[in-house]
Amino acid sequence: MDTSFTLPGGFLWGASTSAHQTEGGNTHSDWWAFEHSGLTDRVEEPSGVACDSYHRWPEDMDLLAGLGFTDYRFGIEWARIEPAPGEFDADAVAHYRRMVEGARARGLRPLVTLHHFTHPLWFAERGGWAAKGSEDLFARYVEAAAPVFAEGVDHVCTINEPNMVAVMVTALTTLTGGGTLPEHGMPLPDEATAEALARAHRRAVDSVKSLAPHVRTGWSVANQPCRAEPGGEQRAADYRRTREDVFLEAAHGDDWIGVQAYTRTRIGPAGPLPVPDGAERTLTGWEYAPDALADAVRHTAATVPGTPIVVTENGIATSDDERRVAYTTEALTGLARAMADGVDVRGYFHWSALDNYEWGSFRPTFGLIAVDRDTFVRTPKPSAAWLGAIGRTRSLPTVTP
Ligand code: FCB
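All values reported here derive from a predicted model rather than from experimental measurement. (Residues numbered from 1 in each chain as written. Predicted model: local features only at pLDDT ≥ 70, side-chain atom pairs only at ≥ 80, totals over all residues. Heavy atoms only, no water.)

## Observations regarding empty space enclosed by the protein
For clarity, the cut-off: Detection works on a 1 Å grid of protein atoms alone, calling trapped sets that fit a 1.4 Å probe cavities and calling open sets with protein on both sides within 12 Å along at least five of seven lines pockets, with lining residues defined by an atom within 4 Å of a point. Grid points are joined across faces, edges and corners, and a volume is the space filled by probe spheres set on the points. What counts as a helix is a DSSP run of H or I of at least four residues, what counts as a strand is a run of E of at least two, and both are numbered from the N terminus. Under the grouping applied here, Gly and all other residues not named as nonpolar or charged are polar, the nonpolar ones being Ala, Val, Leu, Ile, Met, Phe, Trp, Tyr, Cys and Pro and the charged ones Asp, Glu, Lys and Arg.
Taken as a whole and judged by the stated rule, the model has four cavities of 30 Å³ or more. Put simply, the largest cavity is a space of about 80 Å³. Every residue lining the largest cavity is counted, 15 residues in all, and those nearest its centre are Thr 22, Glu 23, Ser 53, Gly 75 and Met 99. Elements with a minimum of two residues in the lining of the largest cavity: α1 (19-22), α3 (53-67), β3 (71-75) and α5 (90-105). Residue contributions to the lining of the largest cavity peak at four residues, all from α3. Here the residues of the lining of the largest cavity are counted per class, giving seven nonpolar, six polar and two charged.

Structural data, given as structure tokens:
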């Protein structure tokens, strides 16, 4: 039997994007350089003009508001705002300020991400997060970006998936050193990077609060739901502790914490296992696991009790939009049950608003809205109308398993 769950008042209902994945032309960033470095065949194609959202953001927002969403999570790009050390581009700051005002004018509440994987190239070249003083540089950028969030923004995400940022440092160091990455699962996050990110987060929170005290600050963690196969219980707990929990705990005392969940990792006595033969996989190769979201919010609530949760990403890479609706219905069912059990969830943002650049390729299509790669024409998929409408009904569809 299908039932429904009424969202609490003020619940954020939106879709997510990031700057680098949608804007195009992020030429001063380390990712742009990486995409053209030939370092790894995991980069199938460069981001190029991406979705051209640097110019087409009004169209993106028109669509999202028209579909029924009341909230929009988007990022601002450090490499555009500070293309050279200490040189701030007033036009870039004004651009993002216009986006905030444009969102508000359309009835969308912006949740602004200050850092989403990409860095100015100069910052990477001076040693990235692990180099001395990185947190001061981040705070200086955040302060320069203050006009963007000074008014009209209630939520700021300082750093997206710090655990993945630290994992990427390990991966890059391994690759450049001629080493090999684990066949399944992720390598350990780089420790110096992880510690520096936690310091940078705290500094950024202080900067935002001192300039815009009304803003509710948090960071978003890539959750690592695991399924321990017989004998793998301890390995699974260790895997999750090192790759997720330390980053959740660093959020202690924040106004909110971002949960980002897509899939799960199976772990046996010798470590992470491949997706079993016959299990459904999405276009990223990840196991189809809509129950990952409920696992992630429950685990987060247990790890940082008392911290309100915002689901800042959840979604599926598929070319079959009916699978997107099925996946999301199940994920939302699990979310509704967790909320009914008392987990304090304040918002849900679907990844992603648009089919975009998925860190090496445009192939994994997570979007509610298709983007033609030649004309950039946007076409909402049926899932977009379905999910957006929940912004009007304020009622989650739930299914009985
Ligand atoms: C997350 C990232 C986001 C997107 C999704 C699929 O790790 O934050 O940019 O690529 O995965």
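Don't stop here, the text continues.
## Some words on the sheet that holds strand β7 (residues 226-228)
Test applied: Here, a strand pair is defined by DSSP locating no fewer than two bridges between the strands.
Spatially, three strands are ordered β7-β9-β10 in an open sheet, and the strand pairing comes out mixed. Strands at the two margins of the open sheet, each flanked by one partner only, are β7 and β10 (271-272). In this structure, strand β9 (residues 265-268) lies alongside β10, joined through two bridges in antiparallel fashion. Bridging across to β10, Ile 267 finds its partner in Pro 272.

## Quick look at helix α7 (residues 134-144)
The periodicity of an α-helix, 3.6 residues per turn, causes residues three or four places apart in sequence to face the same way. Using the following cut-off: In this scheme, a residue with accessible area under 20% of its type's maximum is buried, one over 50% is exposed, and one in between is partly exposed, where area comes from a 1.4 Å probe on protein chains only. A contact between two residues is defined here by any heavy atoms of the two lying within 4.5 Å.
Buried within α7 are the following residues: Ser 134, Glu 135, Leu 137, Phe 138, Ala 139, Tyr 141 and Val 142. Buried positions along α7 lie against α4 (78-81), α6 (121-125), α8 (146-149), β5 (155-160) and α10 (191-211).

## Some details on the pairing of strand β2 (residues 12-16)
Burial runs high along β2: five of the five residues are buried. Where β2 lies against strand β12 (residues 345-351), five bridges are found, and the strand directions are parallel. Along β12, the bridge assignment pairs Gly 14 with Phe 349. One ladder, built from three bridges, connects β2 with β3; its direction is parallel. Along β3, the bridge assignment pairs Ser 16 with Arg 73.

## As for the pairing of β5
Counting buried residues in β5 gives six out of six residues, a clear majority hidden from the surface. Direction of pairing for strand β4 (residues 109-113) relative to β5: parallel, over a ladder of three bridges. Considered in β5, the bridge of Thr 113 is made with Cys 157. Taken together, the four bridges between β5 and strand β6 (residues 216-222) define a ladder with parallel strand orientation. Bridging across to β6, Cys 157 finds its partner in Gly 218.

## Digging into the side chain of Ser 16
Spelled out, the test is: Here a polar contact means two N or O atoms within 3.5 Å. Within protein one must be a hydrogen donor candidate and the other an acceptor candidate, and residues neighboring in sequence count only if both atoms are side-chain atoms.
One can find Ser 16 in strand β2. For Ser 16, the side chain forms a polar contact with the main-chain oxygen of Thr 312, separated by 2.7 Å. Excluding its chain neighbours within four sequence positions, the residues that come into contact with Ser 16 are Arg 73, Thr 312, Glu 313, Phe 349, His 350, Trp 351, Ser 352 and Ala 353.

## Section: the sheet that holds β5
Paired through backbone hydrogen bonds, the strands of a sheet run either parallel or antiparallel to each other. Our working rule: What counts as an axis is a line fitted to C-alpha atoms, over the stretch in contact for a helix, and the angles between N-to-C directions run from 0 to 180 degrees.
The eight strands are arranged β2-β3-β4-β5-β6-β8-β11-β12 in a closed barrel whose pairing can be described as parallel. Here the average twist between neighbouring strands, direction ignored, is 25°. In the packing of helix α14 (residues 382-393) onto the sheet, the strands contacted are β2 and β12, and the crossing angle to β2 comes to about 155°.

## Observations regarding the site of the ligand
Note the following rule: Here, proximity means that at least one heavy atom of the residue falls within 4 Å of the molecule or strand.
All residues adjacent to the ligand are Gln 21, His 116, Phe 117, Asn 160, Glu 161, Gln 260, Tyr 262, Glu 313, Trp 351, Glu 358, Trp 359 and Phe 366. Within the side chain of Glu 161, an N or O atom sits 2.6 Å from an oxygen atom of the ligand. Among the residues forming the shell around the ligand, the class breakdown is five nonpolar, four polar and three charged.

## Topic: the side chain of His 116
Examined against the element boundaries, His 116 turns out to sit in the loop between β4 and α6. His 116 sits in the buried class, given a relative accessible area of 7%. Side-chain polar atoms of His 116 contact the side chain of Asn 160, separated by 3.1 Å. Every residue in contact with His 116, bar those within four places of it in the chain, is listed here: Ser 18, Gln 21, Arg 73, Asn 160, Glu 313, Trp 351 and Trp 359.

## Remarks on the pattern of salt bridges
What counts is decided by this rule: Within this document, salt bridges are pairs made up of a side-chain nitrogen of Lys or Arg and a carboxyl oxygen of Asp or Glu, the two lying within 4 Å of each other.
Scanning the model with the defined rule gives 26 salt bridges in all. For Arg 363, the salt bridge is made with Glu 44, and the minimal N-O distance between the two is 2.7 Å. Taken together, the positions of Arg 363 in the loop between β12 and β13 (369-371) and Glu 44 in the loop between α2 (30-35) and α3 put the pair 319 residues apart, joining distant regions of the chain. A residue is classified by how much of its surface remains accessible, and Arg 363, at 49% relative accessible area, is partly exposed.

## Looking at the packing of aromatic side chains
To describe a pair of aromatic rings, you give the distance between the ring centres and the angle between the ring planes. Worth spelling out the cut-off: Ring pairs are drawn from Phe, Tyr and Trp, using the six-membered ring of Trp, whenever the two centres fall within 6.5 Å, and their geometry is named by plane angle: stacked under 30 degrees, edge-to-face over 60, tilted for the rest. Think of it as a cone above the ring: NZ of Lys or CZ of Arg counts as a charge over the ring if it is within 6 Å of the ring centre and within 35 degrees of the ring normal.
The full count for this structure, using the stated rule, is 21 aromatic pairs. With a centroid separation of 5.0 Å and an interplanar angle of 70°, the aromatic rings of Phe 123 and Trp 129 are classed as edge-to-face. Relative accessible area serves as the criterion here: at 3%, Trp 129 is assigned to the buried category. An aromatic cluster is present here, built from Trp 78, Trp 122, Phe 123, Trp 129, Phe 138 and Tyr 141 joined pairwise through their rings. Above the ring of Phe 362, the side-chain terminus of Arg 373 is found at 3.6 Å from the ring centroid.

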